[in-house]
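Summary of the model geometry
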Protein chains: 2
Amino acid sequence: MDYNFFMKEALKEAFKAYNINEVPIGCVIVHNDKIISKGYNKRNSEKNALKHAEIIAIDKACKIIGDWRLEGCTLFVTVEPCPMCAGAILQSRIDTVVFGAKNSKAGCCGSILNILDNNSFNHKVNIVEGVMVEDCSILMKQFFKDLRRKDN
Amino acid sequence: MDYNFFMKEALKEAFKAYNINEVPIGCVIVHNDKIISKGYNKRNSEKNALKHAEIIAIDKACKIIGDWRLEGCTLFVTVEPCPMCAGAILQSRIDTVVFGAKNSKAGCCGSILNILDNNSFNHKVNIVEGVMVEDCSILMKQFFKDLRRKDN
């Protein structure tokens, strides 16, 4: 699987979030080498705590696959998933998560907790990290730089 | 706050799940001593991994409050939340979670992990457990007993 190709698609989604002043995180879900769903963070614009990129993409993927089980799917996301999104990935039985930048403040795929690889849960998710990490990180840094400028 | 009163309302939701052969978990969200949203597990019937009782109730509550922040809210749920739901509770900045039965297989409010009380995250959620634990547990046990009978 061409990780960079799909991460570029996730980055396009992250740019959509950036352009509406949302924390720039984007996601695509791949099944049989095809993108079946996409999502970008809309928490502020939709005034809804659930509207993270991954949740939006998982919701669409379940509708497309017609099952709560997304077995055989790979989720690409520009930034390491938070506890809610890592939990949703686990619940939907996605095979593999590929992420770009680590999230030291909320990441639950190894940074703070590892929800995807815990013997106590009945499913484990493979983790691939650091794909296009520079591009994913720069976008986040630019967003927070813009935010500080607006605050001053 | 009358914990038993609101847990009985969550149990009514759990019975709705039981009646459609879903794992019987129900939830209500309370703000200013009034129930603002309800939810019950619909994962199988909606073929969607996100359709846990708590996620459905949080989604509705955000729409009613008009904010992704559910500050001042208390979430009542019959069974200890899983990682996804505990993460969504954290993300929505709910003040307090009140649950009935522990979930030794997926509970993330103390059983396997404690997502709601971790110094690394930027929010903490108060936890009250064991409210109407017998009623909440009996319903779950009955569901799994029925399921085993159907399997035989």
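Please refer to the structure higher up on the page.
This section reports on the structure supplied with the text. Because the structure is predicted, anything quoted here is derived from the model rather than measured. (Residues numbered from 1 in each chain as written. Chains lettered and ligands numbered in written order. Predicted model: local features only at pLDDT ≥ 70, side-chain atom pairs only at ≥ 80, totals over all residues. Heavy atoms only, no water.)

Let us look at the relation of the copies chain B and chain A. Of the two same-sequence chains, chain B is brought onto chain A (RMSD 0.0 Å, axial shift 0.0 Å) by a rotation of 180°. Classification of the inter-copy transformation places it as that of a two-fold axis. Rotation axis and chain B: the residue whose C-alpha lies nearest the axis is Met-84 of chain B, separated from it by 2.2 Å. Most of the interface of chain B is mirrored in chain A: 100% of its interface residues are interface residues there too. (Least-squares fit on C-alpha atoms with pLDDT ≥ 70 in both. Contact = heavy atoms within 4.5 Å.)

Moving on: the packing of helix H1 (residues 3-19) of chain B against helix H4 (residues 133-151) of chain B. Residues and elements named next belong to chain B. Contact geometry of H1 with H4 gives a least axis separation of 10 Å together with a crossing angle of 5°. Overall, the two elements H1 and H4 adopt an arrangement that is roughly parallel. Residue-level inspection shows Met-7, Leu-11, Ala-14, Phe-15 and Tyr-18 of H1 in contact with H4, the latter providing Asp-135, Cys-136, Leu-139, Gln-142, Phe-143 and Asp-146. A per-class count over the contact of H1 with H4 returns 8 nonpolar, 1 polar and 2 charged. (Axes fitted to C-alpha atoms, helices over the stretch in contact; angles between N-to-C directions. Helix = DSSP H or I, 4+ residues; strand = E, 2+ residues; numbered from the N terminus. Parallel < 35°, antiparallel > 145°, perpendicular 65-115°, else oblique. Nonpolar A, V, L, I, M, F, W, Y, C, P; charged D, E, K, R; others polar.)

Residues and elements named next belong to chain B. A sheet is described by the order of its strands in space; here 5 strands give the open sequence E2-E1-E3-E4-E5, paired in mixed fashion. Taken across any chain shown, the strands that pair with only one partner, and hence form the sheet edges, are strand E2 (34-40) and strand E5 (126-129). Averaged over neighbouring strand pairs, the angle between their axes works out to 20° when direction is ignored. As defined by bridge partners, strand E1 (residues 26-31) adjoins strand E3 (residues 73-79) across 5 bridges and the pair is classed as antiparallel. If you follow Val-28 over to E3, its bridge partner there is Phe-76. Its contacts with the sheet put H1 on E1, E2, E3, strand E4 (96-101) and E5, and the angle it makes with E1 is roughly 145°. Where H4 meets the sheet, it contacts E3 and E4, and its direction lies at approximately 60° from that of E4. (Pairing = 2+ DSSP bridges.)

For the structure shown, the criterion picks out 14 salt bridges over all chains. The closest approach of N and O atoms between Lys-12 of chain A and Glu-9 of chain A, which form a salt bridge, is 2.9 Å. Of the two residues, Lys-12 of chain A and Glu-9 of chain A are both situated in helix H1 (residues 3-19); the distance of 3 residues between them amounts to about one turn of the helix. The partner of Lys-16 of chain B in a salt bridge is Glu-13 of chain B, and the shortest N-O contact between them spans 2.8 Å. You can see Lys-16 of chain B and its partner Glu-13 of chain B sitting in helix H1, 3 residues apart, about one turn around the helix. (Salt bridge = Lys/Arg side-chain N within 4 Å of Asp/Glu carboxyl O.)

Moving on, we come to the interface of chain B and chain A. The interface of chain B with chain A comprises 32 residues on the first partner and 32 residues on the second. With both chains or domains summed, chain B and chain A bury close to 2600 Å², and 68% of this area falls on carbon and sulfur atoms. Area buried by chain B at its contact with chain A is led by Leu-50, Trp-68 and Gln-91 of chain B, which between them contribute 23% of it. Remark: the boundary between chain B and chain A carries 0 salt bridges. Inspection of the chain B/chain A interface yields 6 residue pairs in polar contact (both at pLDDT 80 or more). No other element matches the 6 residues that helix H3 (residues 83-91) of chain B contributes to the side of chain B that touches chain A. Looking at the side of chain B that touches chain A residue by residue, the classes come out as 17 nonpolar, 9 polar and 6 charged. (Buried area = accessible area lost by both parts, 1.4 Å probe. Polar contact = N/O pair within 3.5 Å; in protein donor to acceptor, adjacent residues only side chain to side chain.)

To continue, consider unusual backbone geometry. Unusually for a residue other than glycine, Asn-21 of chain A sits at a positive phi of about 60°. Residue placement: Asn-21 of chain A occurs in the loop between H1 and strand E1 (26-31).

Let's shift gears to the nonpolar core. Grouped together as the largest cluster of nonpolar side chains are 104 residues, with contacts concentrated most on Ile-29, Ile-58 and Leu-75 of chain A together with Ile-29, Ile-58 and Leu-75 of chain B. When neighbours within four sequence positions are excluded, Ile-58 of chain A is seen to be in contact with Ile-29, Leu-70, Leu-75, Ala-88, Ile-89, Ser-92 and Ile-94 of chain A together with Leu-50 of chain B. (Core = buried A, V, L, I, M, F, W, Y, C linked by side-chain atoms within 4.5 Å. Buried < 20%, exposed > 50% of the residue type's maximum accessible area, 1.4 Å probe, protein only.)

Just distances and angles here, no functional claims.
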